[in-house]
Amino acid sequence: MLITLPDLLKPELVCQCRQALEAADWTAGSLTAGHVAAHVKANRQLALDDPIGLQIGQRITQALNQHPVFQSAALPARILPPRFNRYEGGEHYGDHIDNAIFRVPVIERAGAASIGYRVAPPDMLRTDISTTVFFSHPDEYEGGELIIQDTYGEQRIKLPAGQAVVYPGTSLHQVTPVTRGVRYGAFFWTQSLVRDDTRRSILLQQDIAIQRLIQAGGDPTIVSQLTGVYHNLLRQWAETC
Ligand code: NI
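Sequence positions are assigned chain by chain, starting from 1 and proceeding in written order. Local features are withheld for residues below a pLDDT of 70 in this predicted model, meaning they are given only at 70 or higher, and side-chain atom pairs are given and counted only at 80 or more; totals for whole chains, interfaces and linings count all residues. The side-chain quantities take in all heavy atoms of the structure and omit both hydrogens and water.

1. A word on the nonpolar core
Keep this limit in mind: Residues belong to one nonpolar core when they are buried, are Ala, Val, Leu, Ile, Met, Phe, Trp, Tyr or Cys, and are joined through side-chain atoms within 4.5 Å. Exposed residues in this analysis have more than 50% of their type's maximum accessible area, buried residues have under 20%, and partly exposed residues fall in between, with area computed by a 1.4 Å probe over protein chains only. Only DSSP runs of H or I reaching four residues or more are called helices, and only runs of E reaching two or more are called strands; each is numbered from the N terminus. The criterion used for residue contact is that any of the two residues' heavy atoms lie within 4.5 Å.
Leu9, Ile60, Phe84, Val133 and Phe135 are the most contacted members of the largest nonpolar core, which totals 30 residues. Only β1 (3–5), α1 (11–22), α2 (51–65), α3 (68–74), β10 (129–134), β14 (164–168) and β17 (182–192) provide two or more residues apiece to this core. The contacts of isoleucine 60, once residues within four sequence positions are left out, are Leu9, Pro82, Phe84, Val133, Phe135, Ala186 and Phe188. Grouped together as the second largest cluster of nonpolar side chains are twelve residues, Tyr87, Leu159, Val165 and Val178 included.

Here's what the structure looks like:
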């Protein structure tokens, strides 16, 4: 399941974040890649403890916590604090699948305490869902498309600043070379209550159908029955620890 969040961040916030990102201290992205990924990764990132990154990351997480579509589609158990990258001058990130497990760094666990993450063990996060938030407008750069292989083939994603794409962590993906301008983005992973993408998709469709029935003034008894089915499916499939 691949979805976009067209209204994740408000324009004023995007503008503030963008100014901060332009002034930030960027390091080679290959430093944070694993052995295999380092061969295909050519971009720049903010250090995990960079105060600008931590601050913008909190704003993104707040927006996600209040976003009904993200909540319904991702069913988040834990969100790894967002990270930031920058591509220019031909930089790119070749085809790869993200690591399955991330150890939550101490600095992130400390920062997370104040914004409501579960900080007790386990300090491992399973990357069920990947998200990219765009901080450059598509007109500002050439290339830099996020290409995701999904069930229905290749998806080429290049969204306006402030919008996000959410896709399964199991997907093969790449960022094509940025041949003009600069592409700023945030990326992060979510461990879902429901690790299987097909099951999350079924739950989302059920949730959407119930909401539509309510809006259409449907029979409350049927709404209640369908809501019960939703929760019984979730009870079957959810992993809460
Ligand atoms: Ni990746």
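2. A look at the pattern of salt bridges
Definition in use: In what follows, salt bridge is the name for a side-chain nitrogen of Lys or Arg lying within 4 Å of a carboxyl oxygen of Asp or Glu.
Applying the stated rule across the entire model yields 13 salt bridges. With its nearest N and O atoms 3.3 Å apart, the salt bridge here joins arginine 200 to aspartate 197. In this pair, arginine 200 and aspartate 197 are both assigned in helix α5 (residues 197–215), three residues apart and thus about one turn of the helix distant. Residue arginine 200 shares its accessibility class with aspartate 197, and that shared class is buried. Three or more residues are tied together by salt bridges with common partners; here these are Arg44, Arg86, Glu88 and Glu91.

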